[in-house]
Amino acid sequence: MPSSEIQRINAFLSAFARRQAARTVDVPGGFAAYDEALAHSHANNHLVIDTAVDPEALPAIAEEALKHLSHRLISVLDDEIGAACAEPLIRAGYSHSTYVIMLHTGVVRAGGPAEEVDLEALRIPLTRRWQGFLPDAGEEVLRQLVDRREARRRGADVVYFIGARAAQGDVASWADLYLDPATGIAQIEDLITSEAHLKHGYGDAVLSTALGRAVDQGCDTRFLIADANDWPRHWYERRGFSVIGQTHGFERS
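Residues numbered from 1 in each chain as written. Predicted model: local features only at pLDDT ≥ 70, side-chain atom pairs only at ≥ 80, totals over all residues. Heavy atoms only, no water.

Student: In this structure, what is going on with helix α2 (residues 58-66)? I would like to understand it.
Tutor: Each full turn of the α-helix corresponds to 3.6 residues, which orients residues three or four apart in the same direction. Within α2 the residues assigned to the buried category are L58, P59, I61, A62, A65 and L66. Across the axial projection of α2, the buried residues extend over an arc of 160 degrees, all falling on one side. Along α2, exposed side chains directed more than 90 degrees from the buried face belong to A60 and E64. Against the buried residues of α2 lie β1 (23-27), β2 (30-34), β3 (46-49), β4 (72-76) and α3 (79-91). (Buried < 20%, exposed > 50% of the residue type's maximum accessible area, 1.4 Å probe, protein only. Helix = DSSP H or I, 4+ residues; strand = E, 2+ residues; numbered from the N terminus. Arc of directions from axis to C-beta. Contact = heavy atoms within 4.5 Å.)

Structural data, given as structure tokens:
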């Protein structure tokens, strides 16, 4: 896969983080994105490194930019830069995660059994799912992790929440779809299925609908980000996605 495709995707990710943020502050190598209304959401208060940076200087850059927060989260979009930054950040107490950029190269079928839903339709199932992921989280933390989805509407020209409903009418599986028709890029993010509805095809319904909408909007570059070492990566591979690159995440409490 040409490096230009990865560069286009990384530019999209960087622009999304800037547009989603309530405010940003430029730092060497990138920017800090903040949203004080979502202070418990690490992904809304973090450092994004999208150009070259001195790896040895990055821990101090992060400390200065994030010193008012109880957490430290750094996203390094370029694979080579992220790999170079790993050792200094690990020495500074950060954990290191690798994420794969997966491009959809399979067949896209017209239509799809899922639909666009609003945040209120997701609130109950999403809160329950977060309670399963974070059983010790308080009510305010859970509220912010749900409400941060609405802030994502700022991130791209077109943002859909796609949901598949069970027979009873509740949303069984859902995902975000971010579209930039001008550049032909679409990202599928946070595909989640309620525990009560796992292994019933609802995730497939959401994914196929999201891919169909991306094609309808003229987006030929359809991608998602997955943990390099977790099982969903292989689930996506069976559905027509292929790994074309990597990004890096660093976190410290």
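Student: What am I meant to see in the environment of D26 here?
Tutor: Tracing the chain through its elements places D26 in strand β1. For the pair D26 and S14, spaced twelve residues apart in sequence, the C-alpha to C-alpha distance is 12 Å. Residues contacting D26, with those up to four places away along its chain left out, are R18 and F31. Polar side-chain contacts of D26 include one of 2.9 Å to the side chain of R18. (Polar contact = N/O pair within 3.5 Å; in protein donor to acceptor, adjacent residues only side chain to side chain.)

Student: Is there a simple way to think about the pairing of strand β10 (residues 221-227) in this case?
Tutor: On a regular strand, one side chain projects to one face of the sheet and the next to the other, so that they alternate. Of all the seven residues making up β10, five are buried; the element is thus mostly covered by neighbouring parts of the structure. By the bridge criterion, five bridges tie strand β5 (residues 95-104) to β10 in an arrangement that is antiparallel. Within β10, the residue paired with V100 across the bridge is A226. For strand β9 (residues 185-193) and β10, the ladder comprises four bridges, and the chain directions are parallel. Following the sheet pairing, Q187 is matched in β10 by F223. With respect to chirality, the unit in which β9 leads through helix α6 (residues 202-216) into the neighbouring parallel β10 is right-handed. (Pairing = 2+ DSSP bridges. Right-handed = clockwise from strand over helix to strand, strands pointing away.)

Student: So what exactly am I meant to see when it comes to the packing of helix α4 (residues 119-133) against helix α5 (residues 139-151) here?
Tutor: Relative orientation and spacing of two packed helices are given, respectively, by the angle between their axes and the distance between those axes. It is the contact of α4 with α5, at a shortest axis distance of 9 Å, that shows an interaxial angle of 140 degrees. If you check the angle between α4 and α5, you find them oblique. At the point where α4 passes α5, the crossing takes the right-handed sense. Residues L119, L122, R123, L126, T127, W130 and Q131 of α4 touch α5, and the partners they reach there are L142, L145, V146, D147, R148, R149 and E150. Partitioning the contact of α4 with α5 into residue classes produces seven nonpolar, two polar and five charged. (Axes fitted to C-alpha atoms, helices over the stretch in contact; angles between N-to-C directions. Parallel < 35°, antiparallel > 145°, perpendicular 65-115°, else oblique. Left-handed = near helix turned anticlockwise from the far one by under 90°. Nonpolar A, V, L, I, M, F, W, Y, C, P; charged D, E, K, R; others polar.)

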